[in-house]
Amino acid sequence: MSIRLGVLASGRGSNFLAILRSIENGELDAELCLLISDREHAPVLEIARQRGIPAWHVSYSRKDRQAFELEVAALLDYHACDLVILAGFMRLVTPWLIQRFPRRILNIHPSLLPAFKGLKAQAQALAYGVKISGCTVHIVNDELDGGPIIAQKAVEVRSDDTVESLSARILVEEHRLYPEAIRQYSETYSKAQMMA
Ligand code: GRF
């Protein structure tokens, strides 16, 4: 049985689309059951709607994160999602949601963690002067961009790189890495389900 994915995203949705394409072309045995965005006009909502994937805007208020997460959890439950995928979701997930879906939330980050956590990871890498950066898919825990690493891909930093050029090359690798990491995760997950 293929793993059921619920995606949280805030913006353009290129990782969402990469996951969708790898499902469509048979590389990833999964089902995209739900897309939730905290931004009403995020392009990712349109991508999902055009493909007939249930797509919801849930409004987010920093003062009432619990209300946001209650609604998110209810939607994830309703659509029977096995795994929660953060794909450019620009909000912090609270320990409440993490406990609600223990070891079942994945995130992608545009650096080789544990280096350059947080925002603007590509700019941080350039400012530090590293020669290699990349991207990481990890399980979400209570620590920002922490949690067990599932997969990583290195990307060379060139001497003439700008934030834009480095981000673009890392993004190409993100699009390969995320579907592959979900595939790896779901194989382990299915085995654990079978043994339970
Ligand atoms: C990606 O670089 C991802 O690593 C970061 O946010 C960006 C999202 O891009 N967390 P997109 O919305 O998937 O195009």
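The notes below deal with the structure included here. Every value quoted in this text rests on a predicted model; they were computed, and no experiment measured them.

**Remarks on unusual backbone geometry**
- Backbone torsion omega between Leu-113 and Pro-114 reads 15°, so that peptide bond is classified as cis.
- Checked against the element boundaries, Pro-114 lands in the loop between β5 (105-109) and α5 (121-128).
- Despite not being glycine, Arg-103 has its phi angle at roughly 55°, a positive value.
- Given the relative accessible area of 52%, Arg-103 is considered exposed.
- At Asp-145, a position not held by glycine, the phi torsion is positive, near 50°.
- Tracing the backbone through its elements, the reader meets Asp-145 in the loop between β6 (132-139) and β7 (149-156).
- Classification of Asp-145 by relative accessible area gives buried; the value is 12%.

**Regarding the site of the ligand**
- In the neighbourhood of the ligand, the contacting residues comprise Arg-12, Gly-13, Ser-14, Asn-15, Gly-88, Ile-108, Pro-110 and Glu-174.
- Ile-108 places a main-chain nitrogen or oxygen 3.3 Å from a nitrogen atom of the ligand.
- Coverage of the ligand by the protein chains reaches 87% of its 370 Å² of free accessible surface.
- Placement of the ligand is best described as lying within the largest pocket.

**Description of the environment of Arg-158**
- Structurally, Arg-158 can be placed in the loop between β7 and α6 (163-195).
- For the pair Arg-158 and Arg-21, spaced 137 residues apart in the sequence, the C-alpha separation amounts to 29 Å.

**Quick word on helix α3 (residues 65-78)**
- Its 14 residues give α3 an end-to-end C-alpha distance of 20 Å, which sits within 8% of 20 Å, the value for a rise of 1.5 Å per residue.
- For α3, the complete set of buried residues consists of Phe-68, Glu-69, Val-72, Ala-73, Leu-75 and Leu-76. Projected down its long axis, α3 shows its buried positions confined to an angular sector of 165°, all on one face.
- Contacts made by the buried residues of α3 are with β1 (3-8), β2 (30-37), β3 (55-57), β4 (83-86) and α4 (95-100).
- Just downstream of α3, Ala-80 is the residue with a positive phi angle, here 50°.

**Some details on the pattern of salt bridges**
- Evaluated as defined, the whole model comprises nine salt bridges.
- Across the salt bridge formed by Glu-31 and Arg-4, the nearest N and O atoms sit 3.5 Å from each other. Taken together, the positions of Glu-31 in strand β2 and Arg-4 in strand β1 put the pair 27 residues apart, joining distant regions of the chain.
- Close ionic contact of Asp-77 with Arg-100 constitutes a salt bridge, the shortest N to O distance being 2.5 Å. Residue Asp-77 is found in helix α3, and its partner Arg-100 is found in helix α4; the two are separated by 23 residues along the sequence.
- Arg-100 sits in the partly exposed class, given a relative accessible area of 31%.
- What emerges from the salt-bridge pattern is a single network uniting Glu-180, Arg-183 and Glu-187.

**Digging into α5**
- Where α5 is concerned, the buried positions are Ala-121, Gln-122 and Ala-125. The buried side chains of α5 occupy one side of the element, clustering within an arc of 100° when seen end-on.
- Looking one or two residues past α5, Gly-129 carries a phi angle of roughly 85°, positive in sign.

**Section: the sheet that holds β5**
- Taking strand neighbours across the sheet as the criterion, the seven strands line up as β3-β2-β1-β4-β5-β6-β7 in an open arrangement whose pairing is mixed. In the strand order of this sheet, the two ends are held by β3 and β7, each with one partner. The average angle at which neighbouring strand axes cross in this sheet is 20°, direction not considered.
- As judged from the four bridges shared by β5 and β6, these two strands associate in the antiparallel manner. Following the sheet pairing, His-109 is matched in β6 by Thr-136.
- Contacts between helix α1 (residues 14-24) and the sheet are confined to β1, β2, β4 and β5, with β2 contributing the most and set at about 160° to the helix.

Parameters at a glance
- For every chain, the first residue of the written sequence is number 1, and numbering continues from 1 onward in sequence order.
- Restriction of local features to residues with pLDDT of at least 70 applies here, the model being predicted, together with a cutoff of 80 or more for giving and counting side-chain atom pairs; totals for whole chains, interfaces and linings are based on all residues.
- Side-chain figures throughout are based on the complete set of non-hydrogen atoms in the structure, without hydrogens or water.
- A run of DSSP states H or I qualifies as a helix once it reaches four residues; a run of E qualifies as a strand once it reaches two. Both are numbered from the N-terminal end.
- Burial here depends on accessible area, computed with a 1.4 Å probe over protein chains only, as a share of the maximum for the residue type. Under 20% is buried, over 50% is exposed, and the range in between is partly exposed.
- Whether a residue is near a molecule or strand depends on its heavy atoms: it is near if one of them lies within 4 Å of it.
- Whenever a nitrogen or oxygen atom comes within 3.5 Å of another N or O atom, the pair is scored as a polar contact, on the condition that within protein one atom can donate a hydrogen and the other can accept it, and that pairs from neighbouring residues in sequence are kept only if both atoms are in side chains.
- Each accessible area value is a Shrake-Rupley result obtained with a 1.4 Å probe; residue values ignore everything except the protein chains displayed when judging cover.
- Within this scheme a cavity is a closed region of a 1 Å grid, computed over the protein atoms alone, that accommodates a 1.4 Å probe without allowing it to escape, whereas a pocket is open but has protein on both sides within 12 Å along at least five of seven lines; lining residues each have an atom within 4 Å of a point.
- Pocket or cavity membership: a molecule qualifies when more than half of its atoms sit within 2 Å of the grid points of that site.
- To estimate how far a helix should reach, multiply one less than its number of residues by 1.5 Å.
- This arc corresponds to the set of directions leading from the helix axis out to the C-beta atoms.
- Contacts were defined at the residue level, with two residues in contact if any of their heavy atoms lie within 4.5 Å.
- Here, a salt bridge means any Lys or Arg side-chain nitrogen found within 4 Å of an Asp or Glu carboxyl oxygen.
- Here, strands pair whenever DSSP counts at least two bridges between them.
- Axis definition: a line fitted to C-alpha atoms, limited for helices to the stretch in contact. Angles are taken between N-to-C directions and run from 0 to 180 degrees.

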